[in-house]
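Here's the letter readout for the chains.
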Amino acid sequence: MIRSVKKLTLALLVLVLICPAAAAQDEPVTLVVTASRILQDIKSAPVSIALITRDEIEAMGAMELSEVLNGVEGVTAADYGPFGSQMKVKLRGSNAEQVLVLIDGKPVNSARQGDVDLSTIPLAMVDRIEIIKGPASALYGADALGGVVNIITKGGREGGQLRLAIGGYDAVTLGFDYRGRSGPLGYALGSDLTMSGGYRPNSDYEGRSFWAQLDWGLSPRDYVTVSLFRHEDEHGVPGSLEYQSLTARQAYDETRVAVDYDRAIGTNSNLSLGLSVVNHVLDYEDDWQDDLHHGDDYLLDLQVNSQQGSHLLTFGGALGRGQVDSTQLGEQKRDHWRLFLQDS
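Conventions we followed
- Residues numbered from 1 in each chain as written.
- Predicted model: local features only at pLDDT ≥ 70, side-chain atom pairs only at ≥ 80, totals over all residues.
- Heavy atoms only, no water.
- Helix = DSSP H or I, 4+ residues; strand = E, 2+ residues; numbered from the N terminus.
- Contact = heavy atoms within 4.5 Å.
- Areas by Shrake-Rupley, 256 points an atom, 1.4 Å probe, with all protein chains shown as cover.
- Lys, Arg positive; Asp, Glu negative; His and termini not counted.
- Charge placed at Lys NZ, Arg CZ, Asp CG, Glu CD.
- Core = buried A, V, L, I, M, F, W, Y, C linked by side-chain atoms within 4.5 Å.
- Buried < 20%, exposed > 50% of the residue type's maximum accessible area, 1.4 Å probe, protein only.
- Phe/Tyr/Trp six-rings, centres within 6.5 Å; stacked < 30°, edge-to-face > 60°.
- Pairing = 2+ DSSP bridges.
- Axes fitted to C-alpha atoms, helices over the stretch in contact; angles between N-to-C directions.
- 1 Å grid on protein atoms, 1.4 Å probe; cavity = no way out; pocket = protein on both sides within 12 Å on 5 of 7 lines; lining within 4 Å.
- Points joined across faces, edges and corners; volume = space filled by probe spheres on them.
- Nonpolar A, V, L, I, M, F, W, Y, C, P; charged D, E, K, R; others polar.

(A) Fine view of the overall build of the protein chain. Regarding its fold elements, the protein chain presents four helices and 19 strands. For the protein chain, the spread of C-alpha atoms along the principal axes amounts to about 95 × 50 × 45 Å. Taking contacts inside the protein chain between residues at least 6 apart in sequence as the whole, the part at least 24 apart equals 53%. Counting only carbon and sulfur atoms, one obtains 59% of the accessible surface of the protein chain, whose full area is about 18,700 Å². Positive and negative side-chain charges of the protein chain, numbering 29 and 46 respectively, have mean locations separated by a distance of 12 Å.

This is the structure:
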């Protein structure tokens, strides 16, 4: 009897030791790319990073990007009025100008103000969001002092959907998107139309967005992606309750084009080369003034990943220019560059 009890105890001990290992093997791995600019398990990320997946976005029933971001601890996304008002993101108390916003890894911060108006980014085009909550200037430059928000549209599931949402004050959103693949060619396109009569005089809004993407496997080692995004809107600017305006109007127009080339080098290395161009125009008019701001942003970036024994070397750099021609600021230019090297 004692021998049987000892055998049972030994068997239970072995089972206790084996089960955690088996559970660890069965546990799914969650991959992120923003923390170190390379694909890695989120548990191995060297910084505090949050991930929001497409399934989580759909479960929230959110209509705007700010609703999604405000569900993450340490993240504040605030809009400053009705439809068409600016929507900015802050991380752990930082200023919006200290947060670098990326779309598919490409910076979209405005050269005019240094921040990003998230209201121009349709939630329907978002596949996942990765957020670095804290300084990331070593890899992303001075604009990432407060952190990084990487909005990823690539790699979404295939299929399409139609969207219709109706709300108060004559608010209507109508849109569609579709993603598919035919052999080595992948494609995605979508569009959104949003209209609102506004809850105050001169607070009406109408905005349109369109996006398209092609990715093409030129060979087993070469891959090219071309992305296009366009947004335009017009809305009233009612002003404060104390000093209301019935005539002030604002129009915004933005176009983004990005081309990325990826190539596998040998068996242990790969190279990524990207070029992006952003054009944006802001026009504000009222009874006393007519302000026009025209901006262009250019960025060329290069990254190489190389596995050398137990070391994964990541190095590269970026060269960019932002320029603004404004009735308020005049002509302004800002050239910037960065280099990085990482061993992980």
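Let's pick the thread back up.
(B) Broad picture of the environment of Gln-113. One can find Gln-113 in the loop between strand E7 (106-107) and strand E8 (128-133). As a C-alpha pair, Gln-113 and Tyr-169 span 56 residues in sequence and 31 Å in three-dimensional space. Every residue in contact with Gln-113, bar those within four places of it in the chain, is listed here: Gln-86 and Glu-97.

(C) Seen up close, the nonpolar core. Formed by 30 residues in total, the largest nonpolar core has its most connected members in Leu-65, Leu-69, Val-89, Leu-118, Ile-129 and Ile-131. Of all the secondary-structure elements, those providing two or more residues to this core are strand E3 (49-53), helix H3 (65-69), strand E4 (75-79), strand E5 (87-91), strand E6 (99-103), E8 and strand E9 (147-152). In this structure, Ile-129 is in contact with Ala-50, Leu-51, Ile-52, Leu-65, Val-68, Leu-69, Val-149 and Asn-150, ignoring residues within four places of it in sequence. Listed in part, the 14 residues of the second largest apolar core include Val-32, Ile-132, Val-148 and Phe-340.

(D) Structural context of the packing of aromatic side chains. Counted under the stated rule, the structure contains two aromatic pairs. On the basis of an interplanar angle of 25° and a centroid distance of 6.2 Å, the ring pair of Tyr-178 and Tyr-187 is categorised as stacked. The partly exposed category is assigned to Tyr-178, whose relative accessible area is 40%. A relative accessible area of 30% places Tyr-187 in the partly exposed class.

(E) Examining unusual backbone geometry more closely. A positive phi angle, near 60°, is found at Asp-170, a position not held by glycine. Note on placement: Asp-170 falls in the loop between strand E10 (159-167) and strand E11 (171-182). Its relative accessible area of 63% is what places Asp-170 among the exposed residues. A positive phi angle, close to 65°, is found at Asn-202, a residue other than glycine. Within the secondary structure layout, Asn-202 lies in the loop between strand E12 (185-196) and strand E13 (205-217).

(F) Molecular detail of the sheet that holds E12. Here we have ten strands laid out as an open sheet, ordered E10-E11-E12-E13-E14-E15-E16-E17-E18-E19, and antiparallel in their pairing. Of all strands in the sheet, those bounded by a partner on one side alone are E10 and strand E19 (330-343). The sheet shows a mean angle of 5° between the axes of neighbouring strands, direction not considered. Bridge count between strand E18 (residues 311-326) and E19: 14 bridges; the pairing is antiparallel. Counterpart to Gly-320 in the pairing with E19 is His-336.

(G) Representation of the pairing of E5. With respect to burial, E5 is a largely interior element, four of its five residues being buried. As paired elements, E4 and E5 share five bridges and run antiparallel to each other. Paired with Ala-77 across the strands is Val-89, a residue of E5.

(H) Spatial organisation of the layout of surface pockets. As a volume, the largest pocket reaches approximately 1,200 Å³. Lining of the largest pocket is provided by 44 residues; of these, Val-33, Asp-104, Lys-154, Asp-262 and Ser-272 occupy positions nearest its centre. Classifying every residue of the lining of the largest pocket gives 16 nonpolar, 14 polar and 14 charged. Empty space within the second largest pocket amounts to approximately 930 Å³. Around the second largest pocket sit 40 residues that line it, and Met-63, Glu-64, Phe-83, Thr-173 and Thr-194 are the ones nearest its centre. Put simply, the parts of the chain that give the lining of the second largest pocket at least two residues each are helix H2 (54-60), H3, E10, E11, E12 and E13. Within the lining of the second largest pocket, the residues separate by chemical class into 19 nonpolar, 13 polar and eight charged.

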